[in-house]
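Observations on the model geometry
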Amino acid sequence: MDTEAVRSFVRAAELGRLQHAADELGVTQQAVSKRIAALERRLGVRLFTRTARGVEPTLDGQAFLPHARSIVAAADRAVTALGPGSRALRIDVLGLRSAQAVVLHDYWRSHPGTDLDVVTLRVDDPREAVAAVRAGDIDASFRSVTDPAALPHDVRMVHACDSPLELLVGPRHPLASARTLTPSRLRGHRIWVPGIAPRSEWADFYDQLATAFDLRVDAAGPNFGNEVLLDVLADSPDVATLVGSRDRYLWPTGHDLRRIPILGPTLAYPLSLIRPRADPHPGLRAVLGHFAGLTPPPEPVWRPTWAMTPRPSEGRRAAPGGR
């Protein structure tokens, strides 16, 4: 059933004149007449009788009127529910244990009234996340396109925050007793990062990281998940991995794993947010403000070449690519 025809019927019944209904709806009187005639054919009844003063609903029209009002109200509610300020803010994160999800949860805890829908798109190529933003499936995505010049004109990628890396090792690893590490001390050690997907942003990140500091980043073997990775680290005297300082990892006490900060320079994984250029969800501003308020990583900082420049309001002056 044509909801605009039903709307025209409701307004004509309430105002008593087709012209008044047309004026309110922003169409011609002829358009209102055609809509109502089509609705009468659809229902198989006459809805109005004409009088000297205008139109009055027939008995069938009077019976249909309350239902017609409900149809119009339901259609209006459906449209309103799709407005960016009237529904939950839908944000994609790489994983629910990732730094993005952890910081987003902190934001929600400090703003418990926020209507937030956190999703994880099962995609590795950030261009697929861009497509989801453009299609309106999500309002924003914590992903990074490693060639910002290739972004469509109707989306923006903005810097959210930096995620400093830490070395995660078991108790028998040669570096396990270190309080901090420089990137140079990682040379020669096997850094196992299973699940580096081709064309993903983290594949490019680790390629640049390995080249910049002459590191051995190994993605060999199947990825059986974080629990298996943690088990391997706990038992191994020579395998390490890299994790974000805000990433959430839990392991049994007996594993005795150690997270060791990397400084001089800090190795920063840049977290970006992809959102529509026009009419972004109004809730995004506060979310970005929360991320911008995080403590910046210790200088100097190394970032990959595609990192977005941190905004001046965040108090960070390092250029993309680090120092």
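Let me sum up the structure you'll find in this document.

Rules behind the numbers
- Residues numbered from 1 in each chain as written.
- Predicted model: local features only at pLDDT ≥ 70, side-chain atom pairs only at ≥ 80, totals over all residues.
- Heavy atoms only, no water.
- Buried < 20%, exposed > 50% of the residue type's maximum accessible area, 1.4 Å probe, protein only.
- Helix = DSSP H or I, 4+ residues; strand = E, 2+ residues; numbered from the N terminus.
- Arc of directions from axis to C-beta.
- Contact = heavy atoms within 4.5 Å.
- Phe/Tyr/Trp six-rings, centres within 6.5 Å; stacked < 30°, edge-to-face > 60°.
- Salt bridge = Lys/Arg side-chain N within 4 Å of Asp/Glu carboxyl O.
- Axes fitted to C-alpha atoms, helices over the stretch in contact; angles between N-to-C directions.
- Parallel < 35°, antiparallel > 145°, perpendicular 65-115°, else oblique.
- Nonpolar A, V, L, I, M, F, W, Y, C, P; charged D, E, K, R; others polar.
- Core = buried A, V, L, I, M, F, W, Y, C linked by side-chain atoms within 4.5 Å.

Moving on, we get to helix α9 (residues 284-292). Of the residues making up α9, those classed as buried are Leu284, Val287, Leu288, Phe291 and Ala292. Projection of α9 onto a plane perpendicular to its axis shows the buried side chains occupying an angular sector of 140 degrees, all on one side. Contact partners of the buried residues in α9: β3 (89-92), α5 (99-110), β5 (140-141), β6 (155-169) and β11 (266-276).

Attention now moves to the packing of aromatic side chains. In this structure the tally under the stated criterion is eight aromatic pairs. Taken together, a centroid distance of 5.7 Å and an interplanar angle of 75 degrees make the contact between Phe213 and Trp302 edge-to-face. Residue Phe213 is found in helix α7 (residues 201-213), and its partner Trp302 is found in strand β12 (residues 301-302); the two are separated by 89 residues along the sequence. Side by side, Phe213 and Trp302 carry an identical accessibility label, which is buried. Members of the aromatic cluster, connected to one another through ring pairs, are Phe205, Tyr206, Phe213, Tyr269, Trp302 and Trp306.

Taken as a whole and judged by the stated rule, the model has 14 salt bridges. With a shortest N-O distance of 3.5 Å, Glu56 and Arg53 are connected by a salt bridge. The partly exposed category is assigned to Glu56, whose relative accessible area is 35%. Relative accessible area serves as the criterion here: at 63%, Arg53 is assigned to the exposed category. Members of the salt-bridge network, linked through shared partners, are Arg11, Glu14, Glu24 and Arg69.

Time to look at the packing of helix α1 (residues 3-15) against helix α3 (residues 29-43). With their axes 8 Å apart at the nearest point, α1 and α3 run at an angle of 110 degrees to one another. Compared by their axis directions, α1 and α3 come out roughly perpendicular. Two secondary-structure elements touch here, α1 through Glu4, Ala5, Val6, Ser8, Phe9 and Ala12 and α3 through Val32, Arg35, Ile36 and Leu39. By residue class, the composition of the contact of α1 with α3 is seven nonpolar, one polar and two charged.

Formed by 45 residues in total, the largest nonpolar core has its most connected members in Phe142, Leu167, Leu209 and Phe291. Only β3, α5, β6, α7, β9 (239-244), β11 and α9 provide two or more residues apiece to this core. If you tally residues by element for this core, the top one is β6, at six residues. Other than its neighbours up to four places away in sequence, Phe142 contacts Ile91, Asp92, Val93, Leu94, Gln100, Leu104, Ala160, Ser272, Leu273, Val287 and Phe291.

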